[in-house]
Amino acid sequence: MATQILQPFSAMMDAANQDGVTNFIVNSSYRSDTAQQQLFDTMGADLALPAGYSEHNVGLSVDIGSTTGKMEGSEEAAWLERHAARYGFILRYPPNKSHITGIQHEPWHFRYVGLPHSEIITKNDWTLEEYLSHLQQEKSITTRTQGRAYKVLYYDLQESLQIPVPTTHSYKVSGDNRGGLIVTIMQ
Ligand SMILES: [Zn+2]
């Protein structure tokens with residue numbers, strides 16, 4: 001797991017435990033190599049995903065199972081379905097979306113995208129692909145989640161080489177693996 005997801009991941013597990021949902025098993029390893037690590041360090045990115053690599057290579061994905069049996073239909077899966085977005089995670093390959101993701105339903109595979117992205121994706125019942133397409137089309141969206149206002153900007157790198165960033169607000173820049181750059185501004 002990448003260090004940036006350790007804190008939200010353990011906060012999520014703590015919350016589940018407090019709700020009495022405790023039978024989680026984590027089957028994920030951070031399969032790193034130098035190039036991916038470099039990209040990851042450079043982008044520091046919620047959405048940085050080098051083309052052609054497994055999501056696990058960038059350390060932003062985690063496979064979560066249930067020790068009670070199959071993940072699908074388990075109490076653990078149900079809890080995550082309801083709460084994961086709050087902690088910045090999404091079910092990366094949901095059912096009935098394999099025509100969009102290209103991957104069959106994986107009830108165990110969660111991906112960290114951070115806030116507010118996880119909340120937007122989950123609220124709209126989107127996949128990451130659908131969200132990125134939406135961003136690419138809208139160029140700028142504003143949203144409010146967990147009492148905080150965000151502005152998300154999308155830049156097509158083919159069009160703009162200069163990215164204005166705010167000096168008065170905290171912001172984060174991520175690549176989207178399709179020639180775009182996402183700037184997330186906390187307002
Ligand atoms: Zn996985």
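Structural data are supplied above this passage.
Caption draft 1: Region of the structure containing the overall build of the protein. Along the backbone of the protein there are 6 helices and 8 strands. In the protein, the succession of helices and strands from N to C terminus is α-β-α-β-α-β-α-β-α-α-β-β-β-β. When each of the 187 residues of the protein is scored for burial, the buried share is 33%. When contacts within the protein are restricted to residue pairs at least 6 apart in sequence, long-range pairs at least 24 apart make up 60% of them.

Caption draft 2: Unusual backbone geometry, seen in detail. Here the residue pair leucine 115 and proline 116 is connected by a cis peptide bond, since its omega of 0° sits within 30 degrees of zero. Tracing the chain through its elements places proline 116 in the loop between strand E4 (109-112) and helix H5 (117-123). Unusually for a residue other than glycine, asparagine 96 sits at a positive phi of about 65°. Counting through the fold element by element, asparagine 96 comes out in the loop between strand E3 (89-91) and helix H4 (98-101).

Caption draft 3: Structural view of the sheet that holds E4. Read from one edge of the open sheet, 4 strands run E1-E2-E4-E3, paired in antiparallel fashion. Of all strands in the sheet, those bounded by a partner on one side alone are strand E1 (24-26) and E3. Adjacent strand axes in the sheet meet at a mean angle of 35° when their direction is disregarded. Relative to E4, E3 runs antiparallel, the two being bridged by 3 bridges. If you follow phenylalanine 89 over to E4, its bridge partner there is tyrosine 112. On the sheet, helix H3 (residues 75-83) packs against E1, strand E2 (61-66), E3 and E4 and is oriented at approximately 140° with respect to E2.

Caption draft 4: Expanded view of the pairing of E4. Every second residue of E4 is oriented toward a common face, with His109 and Arg111 on one face and Phe110 and Tyr112 on the other, all of them buried. Pairing geometry for E2 and E4, over 3 bridges, is antiparallel. Residue serine 61 lies in a different strand from E4, and its bridge partner there is arginine 111.

Caption draft 5: Structural context of helix H6 (residues 128-138). All of the buried residues along H6 are Leu128, Tyr131, Leu132 and Leu135. Seen end-on, H6 carries its buried residues on one side only, within an arc spanning 95°. Against E3, E4, H5, strand E5 (140-145), strand E6 (148-156) and strand E8 (180-186) lie the buried residues of H6.

Caption draft 6: Here's a closer look at the sheet that holds E5. Reading across the sheet, the 4 strands line up as E5-E6-E8-E7 and stay open at both edges, with antiparallel pairing between neighbours. Strands at the two margins of the open sheet, each flanked by one partner only, are E5 and strand E7 (170-175). Each strand axis lies, on average, 20° off the axis of its neighbour in the sheet, ignoring direction. Pairing geometry for E5 and E6, over 6 bridges, is antiparallel. Counted as the bridge partner of isoleucine 141 is valine 152 from E6.

Caption draft 7: Representation of the environment of histidine 109. On the secondary structure map, histidine 109 appears in strand E4. For histidine 109, a count of 21 C-beta atoms within 10 Å puts it in the buried group. Residues histidine 109 and leucine 91, 18 residues apart in the sequence, show an inter-C-alpha distance of 6.2 Å. In this structure histidine 109 touches Ser61, Asp63, Arg92 and Tyr93, once residues within four positions along its chain are discounted.

Caption draft 8: Looking closely at the environment of arginine 111. By the element assignment, arginine 111 lies in strand E4. The contact partners of arginine 111, leaving out residues within four places of it in the chain, are Glu55, Leu60, Ser61, Phe89, Ile90, Arg92 and Leu128.

Caption draft 9: Region of interest: the nonpolar core. Residues Ala84, Phe89, Ile90 and Phe110 are the most contacted members of the largest nonpolar core, which totals 30 residues. In contact with isoleucine 90, not counting residues within four places along its chain, are Ala84, Ala85, Phe110, Arg111, Val113, Ser118, Ile121, Thr122 and Leu128.

Criteria and cut-off values
Residues numbered from 1 in each chain as written. Predicted model: local features only at pLDDT ≥ 70, side-chain atom pairs only at ≥ 80, totals over all residues. Helix = DSSP H or I, 4+ residues; strand = E, 2+ residues; numbered from the N terminus. Buried ≥ 20, exposed ≤ 12 C-beta atoms within 10 Å, placed from the backbone. Contact = placed C-beta atoms within 7 Å. Pairing = 2+ DSSP bridges. Axes fitted to C-alpha atoms, helices over the stretch in contact; angles between N-to-C directions. Arc of directions from axis to C-beta. Core = buried A, V, L, I, M, F, W, Y, C linked by C-beta atoms within 7 Å.

What is shown is where atoms sit, not what they do.
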